[in-house]
Amino acid sequence: MSHTLGIRQAQKQKTRQSLLDAALGLLEEQSLSSLGLREVTRAVGVAPTAFYRHFRSTADLGVALVEEALGSLHPMIRTIVSSAGDSDRRIESAVELIARHVETHPAHVRFIARERHGGVQSVREAIQDQLARFAQEVKVALAKDPVSEGWNDDDLLMLANLYVDQMLMTASLFLDVLEATEEERRRVVQVATRQMRLISIGRTHWLD
């Protein structure tokens, strides 16, 4: 009996993931607010009623996509904020990691970039909640850095939010040049690096 339940559970999880993958593919060309559940179920090859065994609505599916898309960013952000080396090298490493993430997960990045200010409130709120978690993680890491000596919690959180916003902006820049020439990609690297350096320079002089 337990073996049969295990098979059913595995099949249910497989169908759920197929719905998420299909929706992500369809959202390459449209916003979540215009996505119909019948489009998603047709792409997977299941009846529309099967959708409700996994999600209450397309908005609920969107929230699940947010968790999937931004959940994959946690390891990258932890690596960026814990990187060793001087400031310039850490910035170069961060830009490289972001570029690599965009190349690996372009659909996820495009989904977040579009829906962060999109028309589905629950999805906007889920994105903001995840970004707030990122900012807290970055804040904890920044607090351990000797450069942050004397900073209060509010200022550390402000700086953490600046870094998180910059990472998202950098990801969007790389998304725009996925199919571009090497020269255009180098230009994005230069722009992203200069923007992060500007934040870094401001940080070192904040308490002056």
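Rules used in this analysis
- Residues numbered from 1 in each chain as written.
- Predicted model: local features only at pLDDT ≥ 70, side-chain atom pairs only at ≥ 80, totals over all residues.
- Heavy atoms only, no water.
- Helix = DSSP H or I, 4+ residues; strand = E, 2+ residues; numbered from the N terminus.
- Buried < 20%, exposed > 50% of the residue type's maximum accessible area, 1.4 Å probe, protein only.
- Contact = heavy atoms within 4.5 Å.
- Areas by Shrake-Rupley, 256 points an atom, 1.4 Å probe, with all protein chains shown as cover.
- Lys, Arg positive; Asp, Glu negative; His and termini not counted.
- Charge placed at Lys NZ, Arg CZ, Asp CG, Glu CD.
- Core = buried A, V, L, I, M, F, W, Y, C linked by side-chain atoms within 4.5 Å.
- Axes fitted to C-alpha atoms, helices over the stretch in contact; angles between N-to-C directions.
- Parallel < 35°, antiparallel > 145°, perpendicular 65-115°, else oblique.
- Left-handed = near helix turned anticlockwise from the far one by under 90°.
- Nonpolar A, V, L, I, M, F, W, Y, C, P; charged D, E, K, R; others polar.
- Salt bridge = Lys/Arg side-chain N within 4 Å of Asp/Glu carboxyl O.
- Patch = residues over 30% accessible without salt bridge, like charges linked within 9 Å, V, L, I, M, F, W, Y side chains within 5 Å.
- Polar contact = N/O pair within 3.5 Å; in protein donor to acceptor, adjacent residues only side chain to side chain.
- Expected span 1.5 Å × (residues − 1).
- Phe/Tyr/Trp six-rings, centres within 6.5 Å; stacked < 30°, edge-to-face > 60°.

Enquirer: Requested: an account of the overall build of the protein chain, with residues and values cited.
Expert: Each helix and strand in the protein chain was counted, giving 10 helices and zero strands. Reading the protein chain from its N terminus to its C terminus gives the helix and strand order α-α-α-α-α-α-α-α-α-α. Seen along its three principal axes, the alpha-carbon backbone of the protein chain occupies a region of about 65 × 40 × 35 Å. Buried positions account for 41% of the 208 residues belonging to the protein chain. Intrachain contacts of the protein chain at a sequence separation of at least 6 include 66% that bridge at least 24 residues. Total accessible area on the protein chain is roughly 11800 Å²; 52% of this is exposed by carbon and sulfur atoms. Within the protein chain, the 28 negative side-chain charges are centred at a point lying 8 Å from the centre of the 25 positive side-chain charges.

Enquirer: Please give an account of the environment of Glu-149 that cites residues and values.
Expert: The topology assignment puts Glu-149 in the loop between α8 (121–143) and α9 (153–176). Among the residues examined, Glu-149 registers a relative accessible area of 69% and is labelled exposed.

Enquirer: Can you explain the nonpolar core? Please cite residues and give values.
Expert: Counting 59 residues, the largest nonpolar core has Leu-65, Val-66, Leu-70, Ile-98, Phe-111, Val-123 and Phe-174 as the members making the most contacts within it. Once residues lying within four places of it in the same chain are set aside, the contact partners of Phe-111 are Leu-24, Leu-27, Gly-62, Leu-65, Val-66 and Val-123.

Enquirer: So what's going on with the packing of helix α6 (residues 87–104) against α9? Which residues, and what values?
Expert: Two numbers describe how α6 lies on α9: the axes approach to 9 Å, and their chain directions differ by 55 degrees. On the basis of the axis angle, α6 is oblique to α9. Of the two possible hands of crossing, α6 and α9 adopt the one that is right-handed. Here Val-95, Ile-98, Ala-99 and Val-102 of α6 lie close against α9, whose contacting residues are Met-167, Thr-170, Ala-171, Phe-174 and Leu-175. Partitioning the contact of α6 with α9 into residue classes produces eight nonpolar, one polar and no charged.

Enquirer: Which residues make up the packing of α9 against helix α10 (residues 182–204), and what values go with them?
Expert: Running from amino to carboxyl end, α9 crosses α10 at an angle of 175 degrees, the nearest separation of the two axes being 10 Å. Taken together, the axes of α9 and α10 lie roughly antiparallel to each other. The residues of α10 that touch α9, namely those facing Leu-159, Leu-162, Tyr-163, Gln-166, Met-167, Met-169, Thr-170, Leu-173 and Phe-174, are Val-188, Val-189, Val-191, Ala-192, Gln-195, Met-196, Ile-199, Ser-200 and Arg-203. A per-class count over the contact of α9 with α10 returns 13 nonpolar, four polar and one charged.

Enquirer: Can you tell me about the pattern of salt bridges, naming the residues and giving the values?
Expert: Overall, the coordinates contain 10 salt bridges when judged by the stated rule. Taking the shortest distance from any N to any O, the salt bridge between Arg-90 and Asp-145 comes out at 3.2 Å. Taken together, the residues Arg-90 in helix α6 and Asp-145 in the loop between α8 and α9 connect sequence positions 55 residues apart. You can call Arg-90 partly exposed: its relative accessible area is 24%. For Asp-165, the salt bridge identified is with Arg-116, shortest N-O distance 3.1 Å.

Enquirer: Tell me about a nonpolar patch on the surface, and please be specific about residues and values.
Expert: On the surface, Met-158, Leu-162, Trp-206 and Leu-207 cluster together into a nonpolar patch covering about 390 Å² of accessible area. Its location among the elements puts Met-158 in helix α9. Residue class for Met-158 comes out partly exposed when judged on its relative accessible area of 38%.

Enquirer: How would you sum up the side chain of Gln-30? Please name residues and give values.
Expert: Summarising the element assignment, Gln-30 is placed in the loop between α1 (2–26) and α2 (37–44). Polar side-chain contacts of Gln-30 include one of 3.1 Å to the side chain of Ser-34. A polar side-chain atom of Gln-30 sits 3.2 Å from a polar atom in the side chain of Glu-39. Aside from chain neighbours lying at most four places away, what touches Gln-30 is Leu-35, Glu-39 and Arg-114.

Enquirer: Outline α10, listing residues and values.
Expert: Counted at 1.5 Å a residue, the expected span for α10 with its 23 residues is 33 Å, and the 33 Å between its end C-alpha atoms agrees. When α10 is considered as a whole, its buried residues turn out to be Arg-185, Val-188, Ala-192, Thr-193, Met-196, Ile-199, Ser-200 and Arg-203. Packed against the buried residues of α10 are α6, α8 and α9.

Enquirer: Hey, could you go over the packing of aromatic side chains for me, with residue numbers and the actual values?
Expert: Inspection of the entire model under this criterion finds three aromatic pairs. Taken together, a centroid distance of 5.7 Å and an interplanar angle of 80 degrees make the contact between Phe-51 and Tyr-52 edge-to-face.

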